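Coordinate inspection notes
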Amino acid sequence: MLTFALVVTVVVAAVALTTRLRMLVRVTVDRRPGHVLALGFAAWFLAVPLEIATIAVEVDRWAGWALTWPLLRVIACAGGFFTQTFFRLATSDRADPAQRARVTWLVRRSALFGVTAVAVGLILFAAMPHDVLFASGPAGRMITPGPVYPVAELANLVILSYFAYAIASITSESWRWATKADVPWLRRGLRIHTVGCVFGLVYCVHVAVYQIAEMAGIFPPWSELEGDGAFVTMCLLPAFVGVTAPMWGPRLDGLARAARHYRHRRLLYPLWRRLSGSVVRLDPPKTEWHDRLRLWPGQQHALVYRRVIELWDGLLASHPTMFGGGGLEDPDLARDIDWWLEIARATQVRPIADVLAEYQGQL
């Protein structure tokens, strides 16, 4: 189940990376934040497969030593650095010299911290590269809990300290941006992304507590890989979904709006048949099934607009003294649709002439 979840995460990461690259092509003003985020996406995309035990074992077997351990941590720290840098660039005013100087200082500080932590961790790793903590598969401590040397644990915790710092910074910037965003899907996406970041912090806490417990001789009943893999999945899935939400969110709104227009058009069909018989119509549906099968989302607004106009035309043809209705754009179109839906429901149980006479005074 965990492997399946990680595979799904890889697929979502690939889609998110592709989406980000497509968005970069369309940006013509300042592509630097987008380039940095694309690098972060690429790093996360490469890191997730290494969390899958079978892939990690094959990589180590191919290399002849525990290559997965340092490779995964270097890639993950790079992903944290690039994503952190993106948020700092995106939430600052590049035209303001003071903000630009502050962001430059923060990025350099983060890079120095990251390079130092990774370098110290790799030096400690090189001192005992064959320790069971670094091994992949059932023999490694990620799957089979057991005693480990403090030096090996320290190597892991040093690199983890920078990763936790980067995730904490990303979480803070993401939430702060979400509170100020005035674009609905940007705000929603950032909130979803923040949820993923929180799980990233939980992942860091889980790794630290688990390995400190091992150094103290306490071995939890679950393997570290089970907990780490679950938290990685719960972190990256909403993170990728949230960051790309401004691109796919409006399309989702469009599909929901098209579905609503389709439903309203179908509800108005019986009344339309009764009122529009004497009106010359443009491209009318040949049969009811023809009307049902007009499913293309991009047509729904025009079709329901046409239905409302033809209802007004039919009403005025049969009752010339009645007037009203604009039916041009929302909210006028929405108001007309609601008005006609009320009439359509009323005509199901009462004569249409009586209903129209009653509603005439509301036009």
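Here we summarise the structure given alongside this text. Starting afresh in each chain, residues are numbered from 1 along the sequence in its written order. Where totals are concerned, whole chains, interfaces and linings use all residues; where local detail is concerned, this predicted model gives features only for residues with pLDDT of at least 70, and gives and counts side-chain atom pairs only at 80 or more. Excluded from the side-chain calculation are hydrogens and water; included are all heavy atoms of the structure.

1. What to know about the overall build of the protein
- Per the secondary structure count, the protein includes 13 helices and zero strands.
- In this text, helices come from DSSP runs of H or I with a minimum length of four residues, and strands from runs of E with a minimum of two, each type numbered from the N-terminal end. Helices and strands appear in the protein in the N-to-C order α-α-α-α-α-α-α-α-α-α-α-α-α.
- Exposure is judged per residue with a 1.4 Å probe applied to protein chains only, and the accessible area is read against the type maximum: over 50% gives exposed, under 20% gives buried, and values in between give partly exposed. By residue count, 45% of the 363 residues in the protein fall in the buried class.
- Partitioning the intrachain contacts of the protein with sequence separation of at least 6 by distance along the chain shows that 70% fall at a separation of at least 24.
- If you sum the accessible surface of the protein, you get close to 18,500 Å²; carbon and sulfur atoms cover 68% of it. Whether two residues touch is decided by their heavy atoms; if any such pair falls within 4.5 Å, the residues are in contact. Using a 1.4 Å probe, the Shrake-Rupley method yields the accessible areas, and only the shown protein chains count as cover for residues.

2. Quick notes on the environment of leucine 71
- With respect to the helices and strands, the residue leucine 71 is situated in helix H4 (residues 68-90).
- Note: C-alpha distance between leucine 71 and alanine 47 (24 residues apart in sequence) is 8.4 Å.

3. Structural notes on the packing of helix H2 (residues 32-50) against helix H8 (residues 224-267)
- Angles shown run from 0 to 180 degrees and are taken between the N-to-C directions of axes, each axis being a line fitted to C-alpha atoms and, for helices, limited to the stretch in contact. Put simply, H2 and H8 touch, their axes get as near as 12 Å, and they point 155° apart. The orientation of H2 with respect to H8, classified from their angle, is roughly antiparallel. Judged by the twist between their axes, the crossing of H2 over H8 is left-handed. From H2, Leu37, Phe41, Trp44 and Val48 reach across to H8, where they touch Leu236, Phe240, Val243 and Thr244.
- Considering only residue class, the contact of H2 with H8 consists of seven nonpolar, one polar and no charged. An angle below 35 degrees is read as roughly parallel, one above 145 as roughly antiparallel, one from 65 to 115 as roughly perpendicular, and any other as oblique. Crossing handedness is read from the near helix: turned anticlockwise from the far helix by less than a right angle, it gives a left-handed crossing, and turned clockwise, a right-handed one. Residues are grouped as follows: Ala, Val, Leu, Ile, Met, Phe, Trp, Tyr, Cys and Pro are nonpolar; Asp, Glu, Lys and Arg are charged; every other residue, Gly included, is polar.

4. What to know about the environment of isoleucine 167
- When you line up the elements, isoleucine 167 lands in helix H6 (residues 150-180).
- Taking relative accessible area as the criterion, isoleucine 167 reaches 5% and is therefore assigned buried.
- For the pair formed by isoleucine 167 and leucine 201, sequence separation is 34 residues and the distance between their alpha carbons is 6.5 Å.
- Apart from the residues lying within four places of it in its own chain, the contact partners of isoleucine 167 are Trp44, Cys197, Gly200 and Leu201.

5. Observations concerning the nonpolar core
- Core analysis: the biggest nonpolar cluster contains 45 residues, and Trp44, Trp69, Phe134, Tyr162, Phe163, Tyr203 and Leu236 have the highest contact counts within it.
- Secondary-structure elements contributing two or more residues to this core are H2, H4, helix H5 (97-127), H6, helix H7 (184-215) and H8.
- Among the elements that line this core, the one with the most residues is H6, at 11 residues.
- Dropping the residues within four chain positions of it, phenylalanine 163 is found in contact with Trp44, Ala76, Cys77, Tyr203 and Cys204.
- Listed in part, the 21 residues of the second largest apolar core include Leu271, Trp312, Leu315 and Ile352. We call a set of buried Ala, Val, Leu, Ile, Met, Phe, Trp, Tyr and Cys residues a nonpolar core when their side-chain atoms join them within 4.5 Å.

6. Considerations on the packing of H5 against H6
- Taken N-terminus to C-terminus, the directions of H5 and H6 make an angle of 165°; their axes are 8 Å apart at the nearest point. Between H5 and H6, the interaxial angle falls into the category roughly antiparallel. Between H5 and H6 the crossing geometry is left-handed. Across the interface between the two elements, Arg109, Ser110, Phe113, Gly114, Ala117, Val118, Val120, Gly121, Leu124 and Phe125 from H5 touch Val151, Leu154, Ala155, Val158, Ile159, Ser161, Tyr162 and Tyr165 from H6.
- In terms of residue class, the contact of H5 with H6 is made up of 13 nonpolar, four polar and one charged.

7. Description of the side chain of serine 110
- Its place among the elements puts serine 110 in helix H5.
- On the basis of relative accessible area, serine 110 is assigned to the buried category, the value being 0%.
- Once you skip the residues sitting within four places of it in the chain, serine 110 turns out to touch Phe81, Gln84, Arg88, Tyr162 and Tyr165.

8. A word on the packing of aromatic side chains
- The aromatic pairing rule takes the rings of Phe, Tyr and Trp, using the six-membered ring of Trp, and pairs them if the centres are within 6.5 Å, calling planes under 30 degrees apart stacked, those over 60 edge-to-face and the rest tilted. For the structure shown, the criterion picks out 18 aromatic pairs.
- Summarising the aromatic geometry, the rings of phenylalanine 125 and phenylalanine 134 are spaced 4.8 Å apart at their centres and angled 75° between planes, so their arrangement reads as edge-to-face.
- Note on phenylalanine 125: relative accessible area 6%, which makes it buried.
- The class of phenylalanine 134 is buried, set by a relative accessible area of 1%.
- Ring geometry for tyrosine 210 against tryptophan 222: centres 6.2 Å apart, planes inclined by 65°, an arrangement best described as edge-to-face. Of the two residues, tyrosine 210 is situated in helix H7 and tryptophan 222 in the loop between H7 and H8; the sequence distance between them amounts to 12 residues.
- What makes tryptophan 222 partly exposed here is its relative accessible area of 37%.
- By the ring-pair criterion, three or more aromatic residues cluster together here, those being Trp65, Trp69, Phe125 and Phe134.
- Charge over a ring is defined by NZ of Lys or CZ of Arg lying within 6 Å of the ring centre and within 35 degrees of the ring normal. Above the ring of tyrosine 269, the side-chain terminus of arginine 266 is found at 4.9 Å from the ring centroid.

9. Quick word on H7
- In a regular helix each residue adds 1.5 Å, so 32 residues correspond to 46 Å; H7 covers 47 Å between its end C-alpha atoms and thus fits that length.
- Positive backbone phi, at 85°, marks glycine 217, one or two positions downstream of H7. Any helix carries an expected span of 1.5 Å times its number of residues minus one.

10. Some details on the pattern of salt bridges
- Salt-bridge detection follows one rule: a side-chain nitrogen of Lys or Arg within 4 Å of a carboxyl oxygen of Asp or Glu. Counted by the stated rule, this structure contains nine salt bridges.
- Among the salt bridges present, the one from glutamate 58 reaches arginine 61, with a minimum N-O distance of 2.5 Å. Note that glutamate 58 and arginine 61 are positioned in helix H3 (residues 53-63) at a spacing of three residues, about one turn of the helix.
- Residue class for glutamate 58 comes out partly exposed when judged on its relative accessible area of 45%.
- Residue arginine 61 is classed as exposed on the basis of its relative accessible area, which comes to 54%.
- One salt bridge in this structure joins glutamate 173 and arginine 176, with 2.5 Å as the shortest N-O distance. Of the two residues, glutamate 173 and arginine 176 are both situated in helix H6; the distance of three residues between them amounts to about one turn of the helix.
- On the basis of relative accessibility, which here comes to 13%, the residue glutamate 173 falls in the buried class.

What is shown is where atoms sit, not what they do.
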